[in-house]
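Inside the fold
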Amino acid sequence: MVNPEDAVIVNALVRQALISAQEVMGENGLNAVLHSVGLDRFIGNFPPNDTQPGIKTVEYARLNEAIETFYGRGGKGMLRRIGKASFQYGVREQGALMGVAGAALKLMPQRQRIKFVLNAMVGALKKTNPQVNAWVEDEGGRIAYCESTCAICLGRHSPEPICHLYVGSVGEAVRWATDQEFAIIETHCIAKGDPCCRFEVGEPKAL
């Protein structure tokens, strides 16, 4: 197991996060946040789309914290929007693959669709970065996406769950798979002292 302090995020995932953040925050907003956390090297210079180490996981956690701080009360919503954009970016980048998945999903019951797309997220993350430890739970009638190597809250401490970007990504994945909005609840968070971050798929949202 890699020491969390030494864990890294590969260039492809850093690029995805930065493109998604810029899409939501605008170039000036993103640049201000990057500067505030000492990541000036990425201003106007996103990393290549490869699997070489991009940044340390602790740097990524600081970036998430800085976005939340930058927007104050609106920070949580902003991070969720970035999470949604991040999943959408993945669909665009893997268009052919996701197209095949989309066709297969149409034949599945809703519950299976949710498990399918969350397992696909786990597989994609592990393929890109072998340091990731993520899995899907299906217990007590609830499906949840879990990760014990969450890069959003590494080194952070909070009495409340703080992985808002992940809530957005999981929510958008489920919406994409089911054509319906579901509530996503972060029931466990490493920042609270829990062993993993756990994102439970709740009830469908009212139209």
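Residues numbered from 1 in each chain as written. Predicted model: local features only at pLDDT ≥ 70, side-chain atom pairs only at ≥ 80, totals over all residues. Heavy atoms only, no water.

1. Comments concerning the side chain of glutamate 137
Tracing the backbone through its elements, the reader meets glutamate 137 in strand β3 (residues 134-139). The exposure class of glutamate 137 is buried, given its relative accessible area of 18%. Those residues within four positions of glutamate 137 in sequence are excluded, and the remaining contacts are Arg142, Ile143, Ala144, Cys146 and Arg198. (Helix = DSSP H or I, 4+ residues; strand = E, 2+ residues; numbered from the N terminus. Buried < 20%, exposed > 50% of the residue type's maximum accessible area, 1.4 Å probe, protein only. Contact = heavy atoms within 4.5 Å.)

2. Section: the pairing of β3
For β3 and strand β4 (residues 142-147), the ladder comprises six bridges, and the chain directions are antiparallel. Within the sheet, the bridge partner assigned to glutamate 137 lies in β4 and is alanine 144. Where β3 hands over to β4, the hairpin turn is made up of two residues, of which glycine 140 adopts a positive phi near 60°. (Pairing = 2+ DSSP bridges.)

3. Quick look at the side chain of asparagine 11
Tracing the backbone through its elements, the reader meets asparagine 11 in helix α1 (residues 11-25). With sequence-adjacent residues up to four places away left out, asparagine 11 is seen in contact with Pro47, Pro48, Asp50, Gln52, Pro53 and Gly54.

4. Considering the packing of aromatic side chains
The tally for this structure, following the rule as stated, stands at four aromatic pairs. Look at phenylalanine 70 and tyrosine 71: their rings are 5.0 Å apart centre to centre, the planes differ by 80°, and that puts the pair in the edge-to-face class. Judged by relative accessible area, phenylalanine 70 falls into the partly exposed class, the value being 45%. Classification of tyrosine 71 as partly exposed rests on a relative accessible area of 25%. Look at tyrosine 145 and tyrosine 166: their rings are 5.4 Å apart centre to centre, the planes differ by 50°, and that puts the pair in the tilted class. Residue tyrosine 145 is located in strand β4, and its partner tyrosine 166 is located in helix α7 (residues 164-178); the two are separated by 21 residues in the primary sequence. Tyrosine 145 gets classed as buried once you look at its relative accessible area, which sits at 0%. The class of tyrosine 166 is buried, set by a relative accessible area of 10%. (Phe/Tyr/Trp six-rings, centres within 6.5 Å; stacked < 30°, edge-to-face > 60°.)

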